[in-house]
Amino acid sequence: MNKGLAKRIVPCLDVKDGQTVKGTNFVNLRHAGDPVELGKAYSEQGADELVFLDITASFEGRKTFTEMVTRVAETINIPFTVGGGINALEDVERLLYAGADKISINSAAIRQPALIDEITRRFGSQVCVCAIDARLDPDGWHCYVKGGRERVELGLFDWAHEVQERGAGEILFTSMNHDGVKAGYANEALAQLADNLSIPIIASGGAGKMEDFRDVFIKGKADAALAASVFHFGEIPILTLKAYLHDEGINVRM
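Everything quoted here is computed from the prediction, not taken from an experiment.

Looking at this structure, I do not really get the overall build of the protein. What am I missing?
On a plain count of helices and strands, the protein comes out with ten helices and twelve strands. Relative to a compact globule of 254 residues, whose C-alpha radius of gyration would be 18 Å, the protein shows 17 Å and is just as compact. In terms of overall dimensions, the protein has a C-alpha envelope of 45 × 40 × 35 Å along the principal axes. The buried share of the protein, taken over its 254 residues, is 54%. When contacts within the protein are restricted to residue pairs at least 6 apart in sequence, those whose partners lie at least 24 apart make up 65%. By element, 50% of the accessible surface of the protein is carried by carbon and sulfur atoms, the whole surface being about 11,000 Å². Positive and negative charge centroids in the protein, built from 27 and 36 side chains respectively, lie 1 Å apart.

Please clarify how unusual backbone geometry should be interpreted in this entry.
In terms of backbone geometry, most residues other than glycine have negative phi values and most peptide bonds are trans. One non-glycine residue, Asp17, adopts positive backbone phi at about 50°. Considering the arrangement of structural elements, one finds Asp17 in the loop between strand 1 (8-16) and strand 2 (19-24). Given a relative accessible area of 53%, Asp17 falls into the exposed group.

What exactly am I supposed to notice about the pattern of salt bridges here?
Note on pairing: side chains with opposite charge can pair once their charged atoms come close. According to the stated counting rule, one finds 25 salt bridges in the structure shown. Salt-bridge contacts for Arg8 lead to Glu170; the nearest nitrogen and oxygen are separated by 2.7 Å. A residue pair is termed long-range when its members are at least 10 positions apart, and Arg8 in strand 1 and Glu170 in strand 10 (residues 170-175) qualify at 162 residues. For the pair shown, Arg8 and Glu170 are each scored as buried. Put simply, Lys102 and Glu49 hold a salt bridge, and the shortest N to O gap is 3.1 Å. One end of the pair, Lys102, is in strand 6 (residues 102-105); the other, Glu49, is in the loop between helix 1 (35-44) and strand 4 (50-54), with 53 residues separating them in the sequence.

Where do I start with the packing of helix 8 (residues 210-218) against helix 10 (residues 238-247) in this structure?
Geometry of a packed helix pair, given as the angle between the helix axes and the separation of the axes. Direction vectors running N to C along helix 8 and helix 10 enclose 50°, while the axes themselves pass 10 Å from each other. If you check the angle between helix 8 and helix 10, you find them oblique. The interaxial crossing formed by helix 8 with helix 10 has right-handed handedness. Residues Met210, Glu211, Phe213, Arg214 and Phe217 of helix 8 touch helix 10, and the partners they reach there are Thr240, Leu241, Tyr244 and Leu245.

It is not clear to me how helix 3 (residues 89-98) should be interpreted in this structure. Could you clarify?
One turn of an α-helix holds 3.6 residues; hence residues three or four places apart share an orientation. Residues of helix 3 that are buried include every one of Leu89, Asp91, Val92, Leu95, Leu96 and Ala98, and no others. Phi turns positive one or two residues past the end of helix 3, at Gly99, with a value near 125°.

Which parts of the structure should I look at to understand the side chain of Asp91?
As for its placement among the helices and strands, Asp91 is situated in helix 3. We classify Asp91 as buried; its relative accessible area is 13%. When residues no more than four places from it in sequence are discounted, the contact partners of Asp91 are Gly85 and Ile86.

So what exactly am I meant to see when it comes to the environment of Lys221 here?
When you line up the elements, Lys221 lands in the loop between helix 8 and strand 12 (224-227). Along the primary structure Lys221 and Gln192 are separated by 29 residues, whereas in three dimensions their C-alpha atoms are 8.8 Å apart. Those residues in contact with Lys221 that lie beyond four places of it in its chain are Lys7, Ala191, Ala194, Asp195 and Val216. Engagement of the side chain of Lys221 in a polar contact is seen with the side chain of Asp195, the distance being 2.8 Å.

Conventions adopted
- Residues numbered from 1 in each chain as written.
- Predicted model: local features only at pLDDT ≥ 70, side-chain atom pairs only at ≥ 80, totals over all residues.
- Heavy atoms only, no water.
- Helix = DSSP H or I, 4+ residues; strand = E, 2+ residues; numbered from the N terminus.
- Rg over C-alpha atoms; globule rule 2.2 N^0.38 Å.
- Buried < 20%, exposed > 50% of the residue type's maximum accessible area, 1.4 Å probe, protein only.
- Contact = heavy atoms within 4.5 Å.
- Areas by Shrake-Rupley, 256 points an atom, 1.4 Å probe, with all protein chains shown as cover.
- Lys, Arg positive; Asp, Glu negative; His and termini not counted.
- Charge placed at Lys NZ, Arg CZ, Asp CG, Glu CD.
- Salt bridge = Lys/Arg side-chain N within 4 Å of Asp/Glu carboxyl O.
- Axes fitted to C-alpha atoms, helices over the stretch in contact; angles between N-to-C directions.
- Parallel < 35°, antiparallel > 145°, perpendicular 65-115°, else oblique.
- Left-handed = near helix turned anticlockwise from the far one by under 90°.
- Polar contact = N/O pair within 3.5 Å; in protein donor to acceptor, adjacent residues only side chain to side chain.

Here it is as structure tokens:
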């Protein structure tokens with residue numbers, strides 16, 4: 001198992017009005033602290049990367065979020081990705097200029113797929129993370145937009161393939177069925193993505209215990225595992241998790 005690149009542990013911070021929040025299945029938000037302070041703590045605790053998602057997409061929210069990105073960049077020394085409300089190249093430019101390493105696009109990519117090509121042409125593939133929210137419906141895995149509220153006629157696997165072809169550097173796949181439920185990741189779908197694509201897959205939605213991380217790397221073949229509440233509320237310390245994964249034969253940065 002100990003082959004290839006180290007598997008990454010990625011805390012995710014959903015930011016609303018300058019505060020970190022966490023919900024279940026995209027609803028019922030509760031506060032989890034200052035995002036800059038949390039980010040700094042995770043950086044010190046051994047997180048490999050961080051993701052900050054702006055869930056207040058209003059103009060005022062964007063301004064607050066951009067200021068936060070600048071503070072994060074000044075405070076931490078690990079790569080971080082930002083997403084939420086990114087609809088055009090100027091949004092990407094603003095956030096990279098504020099100090100982000102990568103940007104994540106989701107609904108905007110589905111609405112205007114050429115945005116992926118534009119971002120990768122202008123800034124390079126490594127900057128573009130394409131986030132996909134999908135749900136296993138009775139007729140298969142389908143993509144959703146608007147924070148998981150609206151289904152679109154795009155299958156997960158077809159869209160993931162197109163995203164790769166357009167130049168995205170990574171895919172961040174959130175299973176809406178598993179999000180916040182803490183019963184494990186969508187390992188079958190993740191393994192199918194990993195088998196059919198050559199770019200890294202970040203798994204999101206479902207972490208509840210340390211075994212879930214082991215399973216997402218072994219069964220789900222994910223390159224990185226993203227989680228929120230198990231880290232925010234101190235349920236799984238990152239160093240403990242990494243020691244456990246190392247003992248399970250998974251290559252992680254200690």
